[in-house]
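# Residue-level structural notes
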Amino acid sequence: VENPFEDVSRDDWFYRAVMWAVDNKVTAGTDAKHFSPTKTCTRAEVVQFLRNVAEDKTVGQVENPFEDVKGSDWFYASVMWAVERKITAGTTPETFSPGVTCTRSEVVTFLHRAEPAAE
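Since the structure is predicted, the reported quantities are computational estimates derived from the model, not experimental observations.

### Quick word on the overall build of the protein chain
- Along its length, the protein chain carries four helices and zero strands.
- Going from the N terminus to the C terminus, the protein chain shows its helices and strands as α-α-α-α.
- For a compact globule of 119 residues, the expected C-alpha radius of gyration is about 14 Å, and the protein chain comes in at 15 Å, within 12% of that figure.
- Across its three principal directions, the C-alpha atoms of the protein chain cover 45 × 30 × 25 Å.
- In the protein chain, buried positions account for 31% of the 119 residues.
- Residue pairs in contact within the protein chain that sit at least 24 positions apart in sequence constitute 59% of those at least 6 positions apart.
- Here the protein chain carries 13 positive and 19 negative side-chain charges, and the mean point of each set is 2 Å from the other.

Here's what the structure looks like:
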């Protein structure tokens, strides 16, 4: 994959991981020329990353339990996908907190729950 990002160089320790993530459509940049490697990820972004790499991206007729997630949100389908698969239940029964920074413990919990072998 050709590196389109001005803020990622071959000398960066994360270069190969970024190129892998872009090549495998886990994520794109924050815009056409920037990956923003020091930006923190939100809860919405992390569930989007997980859905991007999932074999089954379909979303059934899951009911939206969250007041802070609307059908018009870019992350709506990914949040519903994660809820349907019990990857997350939200930060409370009524909120997902999509714009909140995803902690390392949340990321590993999401990863563990998303892994089919974890069942």
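### Considerations on the environment of T88
- Looking at where T88 falls in the secondary structure, it is placed in the loop between α3 (76-84) and α4 (104-114).
- Of the residues examined, T88 reaches a relative accessible area of 6% and is grouped as buried.
- Once the C-alpha coordinates of T88 and K25 are considered, the two residues, 63 residues apart in sequence, prove to be 22 Å apart.
- Excluding residues that lie within four positions of it along the chain, T88 makes contacts with R43, A82, V83, F96, F110 and R113.
- A distance of 3.5 Å separates a polar atom in the side chain of T88 from a polar atom in the side chain of R43.
- Within the structure, T88 has its side chain in polar contact with the backbone nitrogen of G90 (distance 3.0 Å).

### Details of the packing of helix α2 (residues 43-53) against α4
- Running from N to C, α2 and α4 cross one another at 25 degrees; their axes reach a closest spacing of 11 Å. When the interaxial angle is binned, α2 and α4 end up roughly parallel. Taken as a pair, α2 and α4 cross one another with a handedness that is right-handed. Taking contact as the criterion, the partners of R43, V46, V47 and L50 in α2 are, on α4, E106, V107, F110, L111 and A114.
- By residue class, the composition of the contact of α2 with α4 is seven nonpolar, no polar and two charged.

Calculation rules
- Residues numbered from 1 in each chain as written.
- Predicted model: local features only at pLDDT ≥ 70, side-chain atom pairs only at ≥ 80, totals over all residues.
- Heavy atoms only, no water.
- Helix = DSSP H or I, 4+ residues; strand = E, 2+ residues; numbered from the N terminus.
- Rg over C-alpha atoms; globule rule 2.2 N^0.38 Å.
- Buried < 20%, exposed > 50% of the residue type's maximum accessible area, 1.4 Å probe, protein only.
- Contact = heavy atoms within 4.5 Å.
- Lys, Arg positive; Asp, Glu negative; His and termini not counted.
- Charge placed at Lys NZ, Arg CZ, Asp CG, Glu CD.
- Polar contact = N/O pair within 3.5 Å; in protein donor to acceptor, adjacent residues only side chain to side chain.
- Axes fitted to C-alpha atoms, helices over the stretch in contact; angles between N-to-C directions.
- Parallel < 35°, antiparallel > 145°, perpendicular 65-115°, else oblique.
- Left-handed = near helix turned anticlockwise from the far one by under 90°.
- Nonpolar A, V, L, I, M, F, W, Y, C, P; charged D, E, K, R; others polar.

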